Amino acid sequence: MKTVSVSKAHGGVQGVYQHSSSVCACEMTFAVFVPPQAASSPRPVLWFLSGLTCTHANVMDKGEYRRMAAELGLIVVCPDTSPRGEVDDVPDNWRIGKGAGFYVDATEEPFSKNYRMYSYLIDELPALVETYFPADMSRQAIMGHSMGGHGAIIMALKNPGRFKSCSAFAPIVEPSTAEWSKPALSLYLGADEGKWNYYDATRLVEGGKRFPEFLIDQGASDQFLDEGLRPWLFEDACDRAGIPLTLRMHDGYDHSYNFISTFMDDHLRWHANRLTLSGSSTVGAAASLQHVATI
């Protein structure tokens, strides 16, 4: 692993790092904000998964999370959204290929070689975070935007013992039936739509997966609301399953980072409240801000 950049922010360290991924078979880049409290004790980890066409840089540059993360003492990890470099792509379609990994493990060639974002985020990248950063891996939360909201929710539902809380901004809640995600799932997972359910939040709940609660913020003026997002489908599934879901619709807000940054503090506080309910551990106690800055 190598350091791309580090800079001080709100008393903590915002870094960007790169490593050779064995899971995605390419170079991967990710960002980590380490709060000032990490100099004395390991801190809880909050994952932010970005949306279509994005990289780690979008939320890092426009998400406005560092001030509140520093106040609350949260490590924030911002991964990329897909494999990069010399990998297969569909350059004339922003909904498939680079920037559109959909947080699945592709099973169909040629995408199965590199497009394994689910395993990358569940197995490989957490191991790096645990090794190189002052992270309390017993206290993890996950959130995301749009395609990343889809990724956050499915990862929480499939790994309820790992994540203490999950929230989303304008998530794709039923990608198996949304017109803007079906082509990607078909290319990544094949024509058998039954296999798509493994990565579909609404279908997972209908199939018996459970999580303690969810928070979703959605802009009522989002241009993708009816075509790709449709949070009411997930709301109905959660209601039938008895899963508490707070769905907040916000008049006048769209799909942009202006919307995300407006409610980012709310989400960070929400996660912090739930992360503090679990005990801390000594995982990563040997790490320090100085160590993080010199990887």
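On a predicted model such as this, the values are computed, not experimentally measured, just so you know. (Residues numbered from 1 in each chain as written. Predicted model: local features only at pLDDT ≥ 70, side-chain atom pairs only at ≥ 80, totals over all residues. Heavy atoms only, no water.)

**Student:** Would you explain unusual backbone geometry in this entry?
**Tutor:** Residue P110 follows E109 across a cis peptide bond; omega there is 0°. In this fold, P110 is placed in the loop between β5 (75-79) and α3 (117-132). Positive phi values are uncommon outside glycine, yet A25 reaches one of about 55°. Topologically, A25 is positioned in the loop between β2 (12-21) and β3 (26-34). (Helix = DSSP H or I, 4+ residues; strand = E, 2+ residues; numbered from the N terminus.)

**Student:** Quick question: what am I supposed to make of the layout of surface pockets here?
**Tutor:** Remark: the empty space left among the atoms is shown by a probe the size of a water molecule rolled over them. For the largest pocket, the calculated volume is near 160 Å³. Taken together, 13 residues line the largest pocket, and the ones lying closest to its centre are L52, H145, S146, F224 and H255. Here the lining of the largest pocket is built from residues that sort into 5 nonpolar, 7 polar and 1 charged. (1 Å grid on protein atoms, 1.4 Å probe; cavity = no way out; pocket = protein on both sides within 12 Å on 5 of 7 lines; lining within 4 Å. Points joined across faces, edges and corners; volume = space filled by probe spheres on them. Nonpolar A, V, L, I, M, F, W, Y, C, P; charged D, E, K, R; others polar.)

**Student:** I tried to follow the side chain of H150 on my own but got confused; where do I start?
**Tutor:** Assignment of secondary structure puts H150 in helix α4 (residues 147-158). With relative accessibility at 1%, the residue H150 sits in the buried group. Within the structure, the side chain of H150 is placed 3.5 Å from the backbone oxygen of Y199, a separation counted as a polar contact. Ignoring anything within four residues of it in the chain, the contact list for H150 reads F102, Y103, P171, I172, P175 and Y199. (Buried < 20%, exposed > 50% of the residue type's maximum accessible area, 1.4 Å probe, protein only. Polar contact = N/O pair within 3.5 Å; in protein donor to acceptor, adjacent residues only side chain to side chain. Contact = heavy atoms within 4.5 Å.)

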